[in-house]
Amino acid sequence: MATVAKSSHSNVASIAMAAAAGAAAAATLGFTAQAESTMDVLKGISGQLSSIEEAVVFAPALAKIGSIKKSHPGNLAVKDFDFDYFASLSSADKKALLAIVNSGVQNADSGMGCYAMNPTDYDKFEPFFGAVISDYHGVPRSQHHVTDWKLDGVAGLPADGKLDVTKLGLPPVSMRVRVGRNLADFPLPGAMNKDDRVAMEAKMQIAFVELKKKYGGRYHSLTPGNPDFITDDEYKALVKAHVMFKDMAADTYLSDAGIASDWPFGRGCYQSEDKGFIIWVGEEDHLRIMCMEPKGSLINGVFERLKTALDTVESIEGLKFAHSEKYGYVTSCPTNLGTGMRASVLMKIPKLCKGGSDANAKKVCKPLGLGVRGMGGEHTAIGADGTCDISPTARFCISEAEIVTALYTGIKNLKAAEDSA
Ligand code: ARG
């Protein structure tokens, strides 16, 4: 469908350009009357091509959106797709908006159902994204996101400022804080072509030279011919160690958004010498920057390390993160918008996971503002011993400091729920 859309659009554009050029040339030669009639003919053809595009490309997509609106009211991108707004757009913007919602149109069971394709999309398609974001994050449309990493004064922070899980009666746990970031100078992963992916990775490799000076370690590339290329066995070992990400082709939400395309080009991962700081390149966002601790007690530790690492990345010449004055840090998926941050711990809640299902745990976690994932990440199974990945779900119009404090308060409440289950 995308190919049809692309070629018919460029045909329309080139015919219109040819018409203009032809008219200008004819006018210079004095054949004005003839030129006008040529122009009329060409305009007619151009108009006909536009209606073919409407009929062949747009109408079937709009019909499908209409039917998903009824069958899957939880698909937010489809729910908030306004036909009048769509009709008001130029042909190129209509195509762009349909590309943004394609994942949700192909996967009717989506909860969000859309991915931004360019760093400027959130602001450009504000009438659409504003509705979806407000619906998902439960924030009024007029509210602007504010970045703030300062813990002082955050509600729920213990008096000594320490988010120490052992004080809650938990053993040291595996903890991780990540942020999604995208470079302002490239299309977002859904709209990148192979050359963009390889160029973005190459740009990051210049930055990794700087990071290696401070944090040691190395970059691992999956791009054939890359100087940091690793073998398939090395890649598999890194996936097993939860350092590298998997091929995303199996995730139909991501593949229908174009995000999984051109695998393994432009994909890789930087890991610091102490293995506590990792940057994924070419996953759902250009960059996923994370700090982890396999057996930690203080959440402050990973949080502060991430802030320092991020400051180092941001200070590297030529790297500009995509950012919106209203929406904060730009991510492919609107669920991550704002902070792009997910702070999580692996926590054992066997009583709430009795029978091997996380359904009950999810029911208990939802009102606590927490999400439950399996040990291998999104859409993976929980551990046989009831180990779950627990994280606050809020990312937008909340500060970074509030997210880690919400994780601490959340696990305190979840522990109480587990103990009394
Ligand atoms: N696109 C999927 C949906 O709409 C997943 C959204 C959240 N997950 C993510 N990895 N961005 O349900």
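Residues numbered from 1 in each chain as written. Predicted model: local features only at pLDDT ≥ 70, side-chain atom pairs only at ≥ 80, totals over all residues.

Q: Can you break down the overall build of the chain residue by residue, with the values?
A: Across its full length, the chain carries 13 helices and 10 strands. A principal-axis box enclosing the C-alpha atoms of the chain has dimensions of 90 × 50 × 40 Å. Of the contacts formed within the chain by residues at least 6 apart in sequence, a portion of 68% connects residues at least 24 apart. (Helix = DSSP H or I, 4+ residues; strand = E, 2+ residues; numbered from the N terminus. Contact = placed C-beta atoms within 7 Å.)

Q: Could you give an account of helix H5 (residues 91-106), naming the residues involved and the relevant values?
A: Spanning 16 residues, H5 covers 21 Å between terminal C-alpha atoms, matching the ideal 22 Å at 1.5 Å per step. For H5, the principal kink sits at Ile100 and spans about 45 degrees. Among all positions of H5, only Lys94, Lys95, Leu97, Leu98, Ala99, Ile100, Val101, Asn102, Ser103, Gly104 and Val105 are buried. (Expected span 1.5 Å × (residues − 1). Bend = angle between axes of the 7 residues up to and from the residue. Buried ≥ 20, exposed ≤ 12 C-beta atoms within 10 Å, placed from the backbone.)

Q: Could you give an account of the environment of Trp280, with specific residues and numbers?
A: Within the secondary structure, Trp280 sits in strand E4 (residues 277-281). Overall, the presence of 21 C-beta atoms within 10 Å leaves Trp280 in the buried class. Placed 36 residues apart in sequence, Trp280 and Met244 show a C-alpha to C-alpha distance of 7.2 Å.

Q: I'd like to hear about the confidence of the model for the chain, residue by residue, with values.
A: Any segment with low pLDDT has predicted coordinates that should not be analysed in fine detail. The share of residues in the chain with pLDDT of 70 or more is 92%, and the mean pLDDT across the chain is 91. A low-confidence stretch, residues 1-13 stays under pLDDT 50, and its non-local contacts, those more than four residues away or across chains, total 18 contacts. (pLDDT = per-residue confidence, 0-100.)

Q: So what about unusual backbone geometry? Which residues, and what values?
A: Each neighbour pair has its own omega, and for Trp263 with Pro264 the value is 5 degrees, a cis peptide bond. Locating Pro264 in the fold gives a position in the loop between helix H10 (252-256) and strand E3 (268-271). In this structure, Lys275 takes a positive phi of about 65 degrees despite not being glycine. Residue position: Lys275 is located in the loop between E3 and E4. Here His379, not a glycine, exhibits a phi torsion of approximately 55 degrees, which is positive. With respect to the secondary-structure elements, His379 resides in the loop between strand E9 (370-373) and strand E10 (387-392). Residue His379 is classed as exposed on the basis of its 10 C-beta neighbours within 10 Å.

Q: Any details on helix H8 (residues 194-215)? Residues and values, ideally.
A: An α-helical turn contains 3.6 residues, so any two residues separated by three or four positions project in the same direction. The end-to-end C-alpha distance of H8 is 30 Å, a good match for the 32 Å that 22 residues give at a rise of 1.5 Å each. When H8 is considered as a whole, its buried residues turn out to be Arg197, Val198, Met200, Glu201, Met204, Ala207, Phe208 and Leu211. Buried residues in H8 make contact with strand E2 (218-221), E3, E4 and helix H11 (299-314). Gly216, located one to two residues past H8, shows a positive phi value of around 65 degrees.

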